[in-house]
Number of protein chains: 6
Amino acid sequence: MLKHERDRLGKNAILLVLAEDKEEELFSTSHLDELQFRYCKGKVGSMELQKIVAAIETTAKRNGIVNGEIYREMHALYHAIIEAMHGVTRGQVDLGNMLRTVGLRFSIVRGIPYDNDQEGEWLAVALYGTIGAPVRGLEHETIGLGINHI
Amino acid sequence: MLKHERDRLGKNAILLVLAEDKEEELFSTSHLDELQFRYCKGKVGSMELQKIVAAIETTAKRNGIVNGEIYREMHALYHAIIEAMHGVTRGQVDLGNMLRTVGLRFSIVRGIPYDNDQEGEWLAVALYGTIGAPVRGLEHETIGLGINHI
Amino acid sequence: MLKHERDRLGKNAILLVLAEDKEEELFSTSHLDELQFRYCKGKVGSMELQKIVAAIETTAKRNGIVNGEIYREMHALYHAIIEAMHGVTRGQVDLGNMLRTVGLRFSIVRGIPYDNDQEGEWLAVALYGTIGAPVRGLEHETIGLGINHI
Amino acid sequence: MLKHERDRLGKNAILLVLAEDKEEELFSTSHLDELQFRYCKGKVGSMELQKIVAAIETTAKRNGIVNGEIYREMHALYHAIIEAMHGVTRGQVDLGNMLRTVGLRFSIVRGIPYDNDQEGEWLAVALYGTIGAPVRGLEHETIGLGINHI
Amino acid sequence: MLKHERDRLGKNAILLVLAEDKEEELFSTSHLDELQFRYCKGKVGSMELQKIVAAIETTAKRNGIVNGEIYREMHALYHAIIEAMHGVTRGQVDLGNMLRTVGLRFSIVRGIPYDNDQEGEWLAVALYGTIGAPVRGLEHETIGLGINHI
Amino acid sequence: MLKHERDRLGKNAILLVLAEDKEEELFSTSHLDELQFRYCKGKVGSMELQKIVAAIETTAKRNGIVNGEIYREMHALYHAIIEAMHGVTRGQVDLGNMLRTVGLRFSIVRGIPYDNDQEGEWLAVALYGTIGAPVRGLEHETIGLGINHI
Ligand SMILES: [Mg+2]
Ligand SMILES: [Mg+2]
Ligand SMILES: [Mg+2]
Ligand SMILES: [Mg+2]
Ligand SMILES: [Mg+2]
Ligand SMILES: [Mg+2]
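Keep in mind that what you see is a predicted model, and the values were worked out from it rather than measured. (Residues numbered from 1 in each chain as written. Chains lettered and ligands numbered in written order. Predicted model: local features only at pLDDT ≥ 70, side-chain atom pairs only at ≥ 80, totals over all residues. Heavy atoms only, no water.)

1. Focus on the environment of Gly146 of chain D
Residue and element names in this part refer to chain D. Quick note on the threshold: Per the convention used, a helix needs a DSSP run of H or I reaching at least four residues, while a strand needs a run of E reaching at least two, with both numbered from the N terminus. Contact criterion: two residues are considered in contact whenever any of their non-hydrogen atoms come within 4.5 Å of each other.
Considering the arrangement of structural elements, one finds Gly146 in strand β4 (residues 139-149). For Gly146 and Val135, which are eleven residues apart along the polypeptide, the C-alpha to C-alpha distance reads 28 Å. Setting aside anything within four residues of it in sequence, one finds Gly146 in contact with Ala80, Glu83, Ala84, Leu123, Ala124 and Val125.

2. Here we look at unusual backbone geometry
Quick note on the threshold: Only protein chains enter the calculation, and the probe is 1.4 Å; a residue is then buried if its accessible area is under 20% of its type maximum, exposed if over 50%, and partly exposed in between.
A positive phi angle is found at Arg90 of chain B, which is not glycine, with a value near 45°. Take Arg90 of chain B: it is sitting in the loop between α4 (71-89) and β2 (101-111). In this structure Arg90 of chain B comes out as buried when scored by relative accessible area, which is 10%. Backbone geometry places Gln36 of chain C, a non-glycine residue, at a positive phi of 60°. Mapped onto the secondary structure, Gln36 of chain C falls in the loop between α2 (22-34) and β1 (38-46). On the basis of relative accessible area, Gln36 of chain C is assigned to the exposed category, the value being 71%.

3. With respect to helix α4 (residues 71-89) of chain F
Selection criterion: By definition here, a helix of n residues has an expected span of 1.5 Å times n minus one.
With 19 residues, α4 of chain F extends 26 Å between its outermost C-alpha atoms, agreeing within 8% with the 27 Å of an ideal straight helix rising 1.5 Å per residue. Phi for Arg90 of chain F, located one or two positions after α4 of chain F, is positive at around 50°.

4. Overview of the relation of the copies chain D and chain A
Test applied: A least-squares superposition brings the copies together, and it is based on the C-alpha atoms of residues with pLDDT no lower than 70 in both.
The transformation that overlays chain D on chain A combines an axial shift of 0.0 Å with a rotation of 120°, and the residual RMSD is 0.0 Å. Interpreted geometrically, this transformation is the action of a three-fold axis. Judged by C-alpha distance, Gln92 of chain D is the residue of chain D that lies nearest the rotation axis, at 4.4 Å. Of the residues that chain D buries at the interface, just 13% are likewise interface residues in chain A, meaning the two copies contact each other through different surfaces.

5. Description of the coordination of the magnesium ion (ligand 6)
The following threshold applies: Sites may look incomplete because water is not among the atoms; the donors themselves are N, O and S atoms within 2.8 Å of the metal, or within 3.2 Å for Na, K and Ca.
His75 of chain C (NE2), His79 of chain C (NE2) and His140 of chain E (NE2) make up the full set of protein donors to the magnesium ion (ligand 6), lying at 2.2 Å. On the criterion of helical spacing, the pair formed by His75 of chain C and His79 of chain C is a turn pair, its members being four residues apart in helix α4 (residues 71-89).

6. Points about the interface of chain C and chain D
Rules: Accessible area, probed at 1.4 Å, shrinks when two parts are joined; the buried area is that loss added up over both. Any Lys or Arg side-chain nitrogen found within 4 Å of a carboxyl oxygen on Asp or Glu counts as a salt bridge.
Opposite the 33 residues of chain C that make contact, chain D presents 33 residues. When the buried area of chain C at its contact with chain D is split by residue, Glu20, Arg90 and Glu141 of chain C rank highest and sum to 20% of it. Between the two partners, chain C and chain D, sit six salt bridges. A salt bridge links Arg90 of chain C to Glu83 of chain D; the nearest nitrogen and oxygen atoms lie 2.5 Å apart.

7. What about the pattern of salt bridges?
The full count for this structure, using the stated rule, is 61 salt bridges over all chains. The salt bridge involving Glu20 of chain A is made with Lys11 of chain B; its shortest N-O contact spans 3.2 Å. Highlighted residues: Glu20 of chain A in the loop between α1 (9-18) and α2 (22-34) and Lys11 of chain B in helix α1 (residues 9-18), drawn from two different chains. A residue is classified by how much of its surface remains accessible, and Glu20 of chain A, at 26% relative accessible area, is partly exposed. In this structure, Lys51 of chain A and Glu48 of chain A form a salt bridge, with 3.3 Å as the shortest nitrogen-oxygen distance.

8. Digging into α2 of chain A
Residues and elements named next belong to chain A. Here is the rule: This arc corresponds to the set of directions leading from the helix axis out to the C-beta atoms.
An ideal rise of 1.5 Å per residue puts 18 Å on 13 residues; α2 measures up with 18 Å between its terminal C-alpha atoms. Taken together, the buried positions of α2 are Glu25, Ser28, Thr29, His31 and Leu32. Buried residues in α2, looked at end-on, bunch into an arc of 155°, giving them a common side. In α2, the exposed positions angled more than 90 degrees off the buried face are occupied by Lys22, Glu23, Leu26, Phe27 and Glu34.

9. Here we look at the relation of the copies chain C and chain D
Expressed as a screw operation, the relation of chain C to chain D combines 0.0 Å of axial shift with a rotation of 180°, fitting to an RMSD of 0.0 Å. The superposition operator between the copies reduces to a two-fold rotation axis. Closest approach to the rotation axis among the C-alpha atoms of chain C is made by Gly87 of chain C, whose C-alpha sits 1.7 Å away. A share of 100% of interface residues in chain C that are also interface residues in chain D marks the association as one of identical surfaces.

10. Considerations on the packing of aromatic side chains
Selection rule: Only the six-membered ring of Trp is used, alongside the rings of Phe and Tyr, when aromatic pairs are assigned; centres must lie within 6.5 Å, and planes under 30 degrees apart are stacked while those over 60 apart are edge-to-face, with the rest tilted.
Taken as a whole, this structure holds 18 aromatic pairs over all chains when the rule is applied. The interplanar angle of 10° and the centroid separation of 5.4 Å between the aromatic rings of Tyr71 of chain A and Trp122 of chain E together place this pair among those described as stacked. Placement of Tyr71 of chain A in helix α4 (residues 71-89) and of Trp122 of chain E in strand β3 (residues 122-132) is noted, with the two residues assigned to different chains. Overall, Tyr71 of chain A belongs to the buried group, its relative accessible area being 4%. Of the residues examined, Trp122 of chain E reaches a relative accessible area of 0% and is grouped as buried. When the ring of Tyr114 of chain E is compared with that of Trp122 of chain E, the centres are 5.2 Å apart and the planes differ by 55°; the resulting orientation is tilted. Taken together, the aromatic side chains of Tyr71 of chain A together with Tyr114 and Trp122 of chain E make up a single cluster linked through ring pairs.

11. Considerations on the coordination of the magnesium ion (ligand 1)
Looking at the magnesium ion (ligand 1), the protein donor atoms are His140 of chain B (NE2), His75 of chain E (NE2) and His79 of chain E (NE2), and they sit 2.2 Å from it. Placement of His140 of chain B in strand β4 (residues 139-149) and of His79 of chain E in helix α4 (residues 71-89) is noted, with the two residues assigned to different chains. Accessibility classification places His140 of chain B together with His79 of chain E in one group, the buried group.

12. A closer look at the sheet that holds strand β4 (residues 139-149) of chain E
Residues and elements named next belong to chain E. How we decide: At least two DSSP bridges between two strands are required for those strands to pair. Simply put, an axis is a line fit to the C-alpha atoms, just over the touching stretch for a helix, and the angle between two N-to-C directions goes from 0 to 180 degrees.
Strand order in this open sheet of four strands is β1-β2-β3-β4, and the pairing throughout is antiparallel. Sheet topology places β1 (38-46) and β4 at the edges, where each strand pairs with a single neighbour. In this sheet, neighbouring strand axes are inclined to one another by 15° on average, regardless of whether the strands run parallel or antiparallel. Alignment of β1 against strand β2 (residues 101-111), held across nine bridges, turns out to be antiparallel. Looking across to β2, one finds that Arg38 is bridged to Arg110. Packed onto the sheet, helix α1 (residues 9-18) meets β1, β2, β3 and β4 and runs at close to 35° relative to β3. Running at roughly 155° to β1, helix α3 (residues 49-62) makes contact with β1, β2 and β3 of the sheet.

13. Points about the interface of chain D and chain A
We count it as follows: N or O atoms closer than or at 3.5 Å make up a polar contact, with two conditions inside protein: a donor-capable atom paired with an acceptor-capable one, and, for residues adjacent in sequence, both atoms drawn from side chains. Under the scheme applied, nonpolar residues are Ala, Val, Leu, Ile, Met, Phe, Trp, Tyr, Cys and Pro; charged residues are Asp, Glu, Lys and Arg; polar residues are all the others, including Gly.
With 15 residues of chain D at the contact, the number on the chain A side is 13 residues. Across the chain D to chain A interface the summed buried area is about 1,100 Å²; carbon plus sulfur atoms make up 54%. Looking at the side of chain D facing chain A, the largest losses of area belong to Gln50, Tyr71 and Tyr78 of chain D, adding up to 47% of the total buried there. Our count for the contact surface shared by chain D and chain A stands at zero salt bridges. There are five residue pairs in polar contact (both at pLDDT 80 or more) connecting chain D and chain A. When residues of the side of chain D that touches chain A are traced back to their parent elements, those giving at least two are α3 (49-62) and α4 (71-89) of chain D. Each residue belonging to the side of chain D that touches chain A can be placed in one class, and the counts come to eight nonpolar, five polar and two charged.

14. Focus on the sheet that holds strand β1 (residues 38-46) of chain A
Hydrogen bonding along the main chain pairs the strands of a sheet, whether they run parallel or antiparallel. All names here are of chain A. An order of β1-β2-β3-β4 is seen for the four strands of this open sheet, with the pairing classed as antiparallel. One side of each edge strand has no neighbouring strand; the edge strands of this open sheet are β1 and β4 (139-149). Each neighbouring strand pair of the sheet contributes to a mean axis angle of 15°, computed without reference to strand direction. Relative to strand β3 (residues 122-132), strand β2 (residues 101-111) runs antiparallel, the two sharing eleven bridges. Bridge pairing in β3 links Thr101 to Gly132. Along the sheet face, α1 touches β1, β2, β3 and β4 and points at about 35° away from the line of β3. Contacts from α4 reach β2, β3 and β4, with the element oriented near 150° to β4.

15. Let's talk about the pairing of β3 of chain A
Residues and elements named next belong to chain A. Counting buried residues in β3 gives eleven out of eleven residues, a clear majority hidden from the surface. With eleven bridges connecting them, β3 and β4 associate as antiparallel partners. Considered in β4, the bridge of Leu123 is made with Asn148.

None of the figures reported here should be taken as evidence of function without further support.
Structure (structure tokens):
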């Protein structure tokens, strides 16, 4: 069974990505620390989807959330990122080709989200920001969450 | 331009749907009240996607968030729901046919999210819950957000 | 090269499906007769996508547009129908599962659309009607066109 | 309820885009004028999908069909364009990446398509042309229609 | 790095599923035994996609390829099955709703496919059979392969 | 009806593409010769999907499997390639945009696969190789098969 909601990977990842300032972030990360989850957070804006993927992968590796030498870990992260991008793009996982751009914050959280330790470690990728035309102000909010076993 | 992040439709919709108990909900709804946004919240679980859509539409109508007699409003809501379901389903907007089921909370928020009043009213549909096999415990978290002008 | 626009399969199929009354239909079919194209027209409404496909296939067979005993012909028709349904459904080729229904007229046209006779026969499936909630009046127009070699 | 078929947005948009010469266009636009619909028409060919989207947006703005300063209007138009492109691309909203190109005419029509004035203004984007390999003649017809409230 | 091609999971899974008789199967399984891969094979035909998924999951559990009590394992298998079904369905992961049916053989293979043991165990699901109209003979071949870390 | 399994287009195309060395290829091609099927085989690696499509089309034309002057043949081949790419990409027919690359072998086989000669000629495109991050070793296997009448 999944742990109680407030101790889950996805919920904590989304709360971390929604945190706007240091105070809110501290509130979020102190709970993540209690849960002994590993996490990081970053920011990326682009019309090129591959740059979004690359930014998330790089941040995850640099912060030791995943081991970039182990394909197993990168494979788990990659599919979690693409799943999260489905929520952001809602139909076609594409940005510039469809004349739209995103400005996103992202968080990555890794840990044990089930009561049964045999379920092992899982990964959550959360995205929050705006999507819209490549014109300042012509945009609305967007969210995505990807979850994978690692 | 979109209002400051804490006053946006999508962010408030997602915080409302993430609220687990009355206290958290009150925290969320009191800010929604200040912003003069209309909102409601509900719960639905099913392997049939049309039941998810129907539950959200019915709740929105019953709570006066949309006018069920005006297609324009139902059209705006419908597309927002389907966009939110893309985040939940991540690839194919389908549940039972792919042997998976969801247990979701949903929130619907309606209001003016841009500084410029000419942008008029918009709608956010936020979803949070679990998706997985039709077997208790074989599931992980999922999130979706749909935004539309109304 | 494709023939001049007014002698093409797709354009004539769409004009046939758009014809509302006998007079408009006669205008359309007399040109189709001149071009020596085979054609038929029908009507179907359903929340079940397979019924739409079946209705078009049955009408095509009954009117001798395709030979139901030859898989080659049914394969060409099937893919043309599904391609046309993409225009109707715009994202996910699904109806009832997404809580929506259609009321469609369809036309099927078969003939030689290229100057070079070696290009052989091709098929066009055109769809026009409404799509929306399973509630009278909550609907908007929709169109689709599928083209395949046969 | 939608108005009678000959007075609808989508049907008129598709008839306008199908008009090949000035005479046919005049026939179409005189009816659009009677209906007090706003409309425009243009032409674009490209392997880059974003250029198709940009051409339609630019034409709509230049002809005053939408107000480029109001995101609400651009958002309505954008989704209508993408929905129309689903009919054109039939599966994946992509061109050059899949080694195909289009030559399209497009029309945009804006007005009140329902008997009930509370339904307000809606928008139709119609596309007609050819799609195929980036080699002259290796192409077939394609059509798309997107409808949105504005 | 992936092992040499003849020792890979996917290639062996596809060769196992292609084996038509006991002799061919023995040829395939003796190599799988040498590689110390776990594997099983089954057969399923249906217009209902969820029955295909269920049949593969049940066979995998019964043969001890995965542990049905551990969600991690069922999650890995589920996504591998759905990825394999993409190859079978080519566009929309759907059968009966699109008026088509499949007759499939499937194989599931589990083992260590990379030189580096830290890559751990992975899973391959291979599918081979026919897809077509629900009419005997109106069908063509289809193949799918899904790979996931477990 | 489809011929017996060992004499089918798709199965032979997949066995040809799986053949690793000259000996295995000879085994495969001698059976293809007996069946009087036309075939060819090639290799392509790229992050650009259009290069994969172009490489397969060019190889098919150069080897006389299709006539590049006849759109009918190129249309049949194009759709078979795209269908095969669905198996390879499993969700979104896209490579570089999603920060992934492929190294593929491909085979194309053309012939009469049904007992009834009226079914005429069909085409199979088979793909086998690896897909993954643009980093050596971070990749797993992938397969695709597309079948079309020609
Ligand atoms: Mg999952
Ligand atoms: Mg939008
Ligand atoms: Mg085509
Ligand atoms: Mg709509
Ligand atoms: Mg993968
Ligand atoms: Mg087919």
